Amino acid sequence: MMWQRARIVADYQVFILLLTLLLAAMVVINLVGLSRSIDITDRIARSEQRFKTMMRGAPDAMLIFDAASHKITDVNAACERLLGHPHTQLLQMSYLELSAATRTEVEENTRATLAAGELFVPLHRFKRADGSTVSAELKATVLSLENHDSLLVFARDISEREKRETMLHRLSLVVEQSASMVLVTDTRGNIAYCNPAFSRITGYSISELMGRNTSLLKSGMTAPGVYLDLWMHLAAGQEWRGEFINRRKNGEFFWVTAAISPVRDTAGVVENFMAIMTDITERRRTEQALKEARDFLETVLDTALALIVGLDRNGRIMFGNRCFAELVGREREDVIGSHFIQTFIAGEAAPRIEKQMTTALAGQAGAIRFECPLIDAKNQRRLVEWNTGVIRDDRGQVQMVLATGIDITERKNAEGALQQAKEVSDRSNLQLLELNRRLEEATRQATELAASAERANSAKSDFLATMSHEIRTPMNSIIGLTELMFDLSPNAEQREYLTMIRSSASTLLTLINDILDFAKIEA
């Protein structure tokens, strides 16, 4: 910025010198006399023409206005471009109409220029034809023309420079107010600049850090290979990114992540190194705590006898425990990223399970319980009973489906065997019932037969008793009467008849006695 101002001042000085020489020549010409008036007039005209040519061709805007009325008397092409007004219109305007400053400010600057002969204004704003304003750097000089004072104003457009300076100022504020540490060193690592955040985090004041080497912060905890890699990148003109363990002024260690880049001059030579660092100590502690929690959770999951799987919103496996990996015969790392249903669920069950999972991932269902066949390490089906639940974020959106499963293949096989045994038992029971029914029927028939036999036996006893009484008694009477008749001295023929009667009666009585004895034996 200083060299630009020096340049414009030098340009103004050269122009003023030429203008002074021109005025001096005009004075000399006036002193020559009337005899040379025609030649002098001609020279003055040529000088004025050269002045106008120089003014018109000047790269910076130039305008002349009357010091008393502020009326514009001349402008160059650069002024027309700067303000957006045509030449003829500018000559009809007042300097007060073009300046964005107040009338009081313009009049004060005019008086100051008249008093000192010139005035430099580092920032002045002009009104443009389109209503916008443009920033310019001004140099005003007094001109005495036709017995009254005018001001010659040089205006250099500094809008782009102002934008750059504004941007640099904003960047400076960003760096100064940034929560990240910003550090600039020379090529040997000596600190040339650091922002307040760097001072606050390291515990050193800015004055303590200026000129000190960055080795001041070394903790001895960072591997030497990290520094070697850093300097190799910087020596090659490349950016380096990595992490350090540094030491604060009070001796505490702290982690930083750094991006270090070389800073080159206009010739491309590396002059400085700039580092942007962030204190990640808390993040590291959090990461360590998360790692410990994750390790603990993995240990718990791996000791579980159940299958445990976490699925993302696309149905892909985010994690699986040891029990699941062993069942499917894969390494845990190989399981991650696999599509759960397409990879491990048997074909006929896949559409049904996928529909249930889609419903769960959409947040339209809570816990889901289902059974499905799983393809194991031997490419055989294992029946698994699954219970699933959803895990939501702070906004209630479903982030994961957590599925826990139990291999119920053996249980189902046992249940099937038990069912078969039950069916066999049921069939045996039916057969036993049929046998019992038949036995009862036979018992009933035997009872009836026994009753019939008893009745028959009773009838036989009655018959025998009757036979014994009704037949033997008459027989005994016949035999007794026959014996009595023998005592009556029968004749031969009678004796023969009585003998036949007695013999037949005895034979019949013997037969009856034998029948009765046989009946008693059967009874």
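Here the residue index of a chain counts from 1 through its sequence in written order. Restriction of local features to residues with pLDDT of at least 70 applies here, the model being predicted, together with a cutoff of 80 or more for giving and counting side-chain atom pairs; totals for whole chains, interfaces and linings are based on all residues. As a convention, hydrogens and water are excluded, and side-chain values are obtained from all of the structure's heavy atoms.

## Let's talk about the overall build of the chain
In plain terms, the rule: By definition, any uninterrupted DSSP run of H or I lasting at least four residues is a helix, any uninterrupted run of E lasting at least two residues is a strand, and each is numbered from the N terminus. Accessible area is worked out with a 1.4 Å probe on protein chains only. A residue is then buried under 20% of its type maximum, exposed over 50%, and partly exposed in between. Any two residues whose heavy atoms approach within 4.5 Å are treated as being in contact. Per-residue and other accessible areas were derived by the Shrake-Rupley procedure at a 1.4 Å probe size, with only the shown protein chains allowed to occlude residues.
Counting secondary structure elements, the chain contains 17 helices and 15 strands. Across the 523 residues of the chain, 32% fall into the buried class. Sequence-distant contacts, at least 24 apart, represent 42% of the contacts inside the chain between residues at least 6 apart. If you sum the accessible surface of the chain, you get close to 32300 Å²; carbon and sulfur atoms cover 57% of it.

## Here we look at the confidence of the model for the chain
Operational definition: Think of pLDDT as the predictor's per-residue confidence, scored from 0 to 100.
For the chain, mean pLDDT is 81; residues scoring 70 or higher make up 84% of the total. No element of the chain has a lower mean pLDDT than helix 1 (residues 2-32), which averages 50, and none a higher one than strand 9 (residues 253-264), which averages 94. Across residues 1-6, where pLDDT falls below 50, the model places 7 contacts with residues more than four positions away in sequence or in other chains. Here residues 31-35 is modelled with pLDDT under 50, and outside its nearest four sequence neighbours on either side it reaches 2 contacts, counting other chains as well.

## A look at the side chain of Thr-110
Rules: Under this definition, polar contacts are N or O atom pairs within 3.5 Å; protein pairs additionally need one hydrogen-donor-capable and one acceptor-capable atom, and for neighbouring residues in sequence, both atoms have to be side-chain atoms.
Within the secondary structure, Thr-110 sits in helix 6 (residues 103-116). Assessed through its relative accessible area of 5%, Thr-110 is described here as buried. Reaching out from Thr-110, the side chain makes a polar contact with the backbone oxygen of Val-106 at a distance of 2.9 Å.

## Some remarks on the sheet that holds strand 6 (residues 181-186)
Remark on secondary structure: sheet strands pair via backbone hydrogen bonds, oriented parallel or antiparallel. Short version of the rule: Here, strands pair whenever DSSP counts at least two bridges between them. The axes used here are C-alpha line fits, helices contributing only the stretch in contact, and every angle between their N-to-C directions lies in the interval 0 to 180 degrees.
The sheet built from 5 strands is open, its strands ordered 7-6-10-9-8 with antiparallel pairing. A single partner strand is all that each edge strand has here, and the edge strands are strand 7 (191-194) and strand 8 (240-247). Within the sheet, the average angular offset between the axes of one strand and its neighbour, ignoring direction, is 30°. Examined bridge by bridge, strand 6 and strand 7 share 3 bridges and lie antiparallel to one another. Paired with Leu-183 across the two strands is Cys-194, which belongs to strand 7. Most of the contacts of helix 11 (residues 281-303) go to strand 9, to which it runs at about 130°, and overall it touches strand 8, strand 9 and strand 10 (270-279).

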